[in-house]
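Topology and contacts: notes
Chain by chain, the residues:
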Amino acid sequence: MPAHHQDHTRLTFELPVIDHKRLKAIAALAGVSLKDLILTCLQENLLSENVPNEETIRVFKETDEGKNLVHYKNADDLIEKLGLK
């Protein structure tokens with residue numbers, strides 16, 4: 001086995017066909033392999049050492065408590081209220 005693979009392991013999992021197709025399309029549009037797309041997502045999100053700042057923690061707490069939430073009827077309502085229409 002090549003030396004660069006000695007510290008790696010294989011991970012296999014199942015996902016719906018539609019999700020697999022979507023991920024492949026996203027990777028193709030980004031010009032990266034599916035493996036690189038997934039590894040980047042994991043590293044930037046789940047494996048990140050970033051710690052939320054005080055404002056983020058406060059907003060999470062308020063959201064959990066149902067405070068300062070903004071409600072929209074649908075996606076069109078959201079787009080309109082954001083001034084994107």
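A short tour of the structure in this document, coming up. All values reported here derive from a predicted model rather than from experimental measurement.

The rules we used
- Residues numbered from 1 in each chain as written.
- Predicted model: local features only at pLDDT ≥ 70, side-chain atom pairs only at ≥ 80, totals over all residues.
- Heavy atoms only, no water.
- Helix = DSSP H or I, 4+ residues; strand = E, 2+ residues; numbered from the N terminus.
- Rg over C-alpha atoms; globule rule 2.2 N^0.38 Å.
- Buried < 20%, exposed > 50% of the residue type's maximum accessible area, 1.4 Å probe, protein only.
- Areas by Shrake-Rupley, 256 points an atom, 1.4 Å probe, with all protein chains shown as cover.
- Lys, Arg positive; Asp, Glu negative; His and termini not counted.
- Charge placed at Lys NZ, Arg CZ, Asp CG, Glu CD.
- Polar contact = N/O pair within 3.5 Å; in protein donor to acceptor, adjacent residues only side chain to side chain.
- Contact = heavy atoms within 4.5 Å.

**Some thoughts on the overall build of the chain**
When you go through the chain residue by residue, the secondary structure sums to four helices and zero strands. Here the C-alpha radius of gyration of the chain, 20 Å, is well above what a compact globule of 85 residues would show, namely 12 Å. Dimensions along the principal axes, computed over C-alpha positions, put the chain at roughly 55 × 30 × 25 Å. Burial analysis of the chain (85 residues in total) assigns 5% to the buried set. Accessible area of the chain: about 8300 Å², with a carbon and sulfur share of 56%. Of note, the chain has its 11 positive side-chain charges centred 7 Å away from the centre of its 14 negative side-chain charges.

**Looking at the side chain of Asp-77**
Its place among the elements puts Asp-77 in helix 4 (residues 75-81). Looking at Asp-77, the relative accessible area reads 10%, which means it is buried. Separated by 2.9 Å, the side chain of Asp-77 and the backbone nitrogen of Lys-73 make a polar contact. In contact with Asp-77, not counting residues within four places along its chain, are His-71 and Tyr-72.

**Focus on unusual backbone geometry**
Although it is not a glycine, Asn-68 sits at a positive phi angle of roughly 55°. Checked against the element boundaries, Asn-68 lands in the loop between helix 3 (54-64) and helix 4.

**Focus on helix 3**
If you check the start of helix 3, you find a side-chain oxygen 3.2 Å away from the backbone N of Glu-55, and it comes from Asn-53. Just downstream of helix 3, Gly-66 is the residue with a positive phi angle, here 80°.

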